[in-house]
Amino acid sequence: MPMDDRSAALMAEPHFWPLYFFDDEALEEYDERSRGHDGEGDTEDDAKDDAKGDAKDGAKGGAKGGAEGDVFTAEFPLDDGLGLRLVFEPGACHVDLSVVSPESAEAETVGWDDTAHSHPHVMPWAELDLLGRAAAVHDPALRHPGPMTALLLRFAFLSEEGDEGRDEDTVASIAAVADAAFAAVRPTGADGRTADGGTADGVREETRDWLDLRDLRGAGVEWTVRPDGCRAVTQHGPDGVPLHSLRHPVSDGFPFAAWSLLLARATELLDAVRADPALRSDEVRAALGRCTGPGGHRHLGPLADALSRAGFARPGMLRALSAGPVVKAEAAWVVETLAGLERGRLTAAWCGRGRPAGGRSWRLSLTLPAAGRPRDFGQRFAAELSAALNERGLGRAEAGGGTYTRDENGDLVRRDEHLDVVIRDDLPAGTRVVAELLHRHQVAETAVLRHAGKPYADIPLDGPPA
């Protein structure tokens, strides 16, 4: 099983996903629960400091009822001793992803996400989709898209890798798969969501957040092959979202061999499906041909019936074709696998065409003066700005590090704080929120807000509120 019953139950609790997405309010509520009081007398900053401080002192983060203490752990095995392990500690605002392989006695970290110095860019979307499919083939109880995609999506990103970032229909279909994953684990979300998890006017909020944060198209990302044959990623130029990855070509901190074994075994598991004798049945071949043609998703029932009569012995894949309501994003990969089609072909045709991939967003860079400010000023400002933007449906912000200089004694001192800001749909309204907060903290005169991509134009800031 990919996770034990307690962890699966935890994912179904309403407070789990806000914690997993590092929602400030959810983290404060978690801290109050973990300390056993209602927080009376504490300031907002006290609550945040205590939550992070407790975790650093050894408190295991996570929502109540975690699989081990308060730590949430999910494992997604393939076979041959290969798999993935995710460990989430909310008190520390930390999620770690590691690969398990027979080549190593311990799981090896491939990336992590937190609120400070994260390295979340582990894999392109195509690899996450491959691993999700293979895990579902190996474990019939695991649905794809489902909990694995929802949990691991933060470690996947878009680039011009293959064709995944070149076609808006393909990007829209990727968003549809993500929507379906979140719908599977958060079925009681906002009103108006479709059966596949989207909304009438676009994608789910969780999916759009991911697109805002992990869309590295046009950011100078380049995939290369190392001398040992393993694929690595690097970035040329500062345009767009910065790449933070252990998987750069000369890294000695990324388990390249184990990761390559994992991908190879995932591919083998999917290829092995094609060897099932049931697929040689004339009835199955005819039904499969109808499903791969125009409007193929309308013929899934007859295909499931034909497979059952032919003795096809993979109940998880049969369920995807016949259990109602059928999720097109799930049925599409099953038909692709059965027919030996290129991964994503039917997904794009069934889920991407005519479907919006999300509204317009602007990526901005905000530089704040750090001299004379508390060490965590940048993180606190980013959290406050993100909350203000999110409350108005205008975007989000996160700390992106800083720059240092040497003082007269030769000691390194922090000079600037850098924030990554995403404004959605209404740029003037979003920049007004930024300006209001800058004035409130009395840093508007020295702060610089500019577009994160060429031509890196500065954005004028409104004056202080009247």
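Residues numbered from 1 in each chain as written. Predicted model: local features only at pLDDT ≥ 70, side-chain atom pairs only at ≥ 80, totals over all residues. Heavy atoms only, no water.

Asks: Pulling in residues and values, what's your account of the sheet that holds strand β9 (residues 361-369)?
Replies: Pairing between the strands of a sheet is mediated by backbone hydrogen bonds and can be parallel or antiparallel. Reading across the sheet, the four strands line up as β10-β11-β9-β12 and stay open at both edges, with antiparallel pairing between neighbours. Every interior strand has two partners, whereas the edge strands, β10 (395-406) and β12 (448-451), have only one. Averaged over neighbouring strand pairs, the angle between their axes works out to 25° when direction is ignored. Inspection of the sheet shows β10 paired to strand β11 (residues 412-424) by ten bridges, in the antiparallel sense. Looking across to β11, one finds that threonine 405 is bridged to valine 413. Relative to β11, helix α8 (residues 205-214) is tilted by about 130°, and along the sheet it contacts β9, β10 and β11. Along the sheet, helix α16 (residues 427-440) makes contact with β9, β11 and β12, crossing β9 at roughly 15°. (Pairing = 2+ DSSP bridges. Helix = DSSP H or I, 4+ residues; strand = E, 2+ residues; numbered from the N terminus. Axes fitted to C-alpha atoms, helices over the stretch in contact; angles between N-to-C directions. Contact = heavy atoms within 4.5 Å.)

Asks: So what's going on with the packing of aromatic side chains? Residues and values would help.
Replies: For the structure shown, the criterion picks out 15 aromatic pairs. The interplanar angle of 15° and the centroid separation of 5.8 Å between the aromatic rings of phenylalanine 16 and tyrosine 20 together place this pair among those described as stacked. Of this pair, phenylalanine 16 and tyrosine 20 are both found in helix α2 (residues 16-20), four residues apart, which corresponds to roughly one turn of the helix. We note that phenylalanine 16, like tyrosine 20, is buried. Consider the rings of phenylalanine 16 and phenylalanine 72, whose centres lie 4.8 Å apart with planes at 55°: the pair is tilted. Separated by 56 residues along the polypeptide, phenylalanine 16 in helix α2 and phenylalanine 72 in strand β1 (residues 72-77) bring together distant segments of the chain. (Phe/Tyr/Trp six-rings, centres within 6.5 Å; stacked < 30°, edge-to-face > 60°. Buried < 20%, exposed > 50% of the residue type's maximum accessible area, 1.4 Å probe, protein only.)

Asks: I'd like to hear about the environment of proline 145, residue by residue, with values.
Replies: Along the polypeptide, proline 145 turns up in the loop between α5 (125-138) and α6 (147-152). Since its relative accessible area comes to 5%, proline 145 is described here as buried. Separated by 185 residues in the primary sequence, proline 145 and glutamate 330 have C-alpha atoms spaced 6.1 Å apart. Setting aside its immediate chain neighbours within four residues, proline 145 contacts Val177, Ala180, Ala181, Ala184, Ala329 and Glu330.

Asks: Break down the pattern of salt bridges for me, with residues and values.
Replies: Working definition: two side chains of opposite charge can pair if their charged atoms are close together. Applying the stated criterion across every chain yields a total of 25 salt bridges. With a shortest N-O distance of 2.9 Å, arginine 247 and glutamate 127 are connected by a salt bridge. With arginine 247 in the loop between β8 (231-235) and α9 (256-273) and glutamate 127 in helix α5, the pair connects residues that are 120 residues apart, well separated along the chain. You can call arginine 247 buried: its relative accessible area is 1%. Where salt bridges share partners, they join Glu205, Asp209, Asp212, Arg396 and Arg424 into one cluster. (Salt bridge = Lys/Arg side-chain N within 4 Å of Asp/Glu carboxyl O.)

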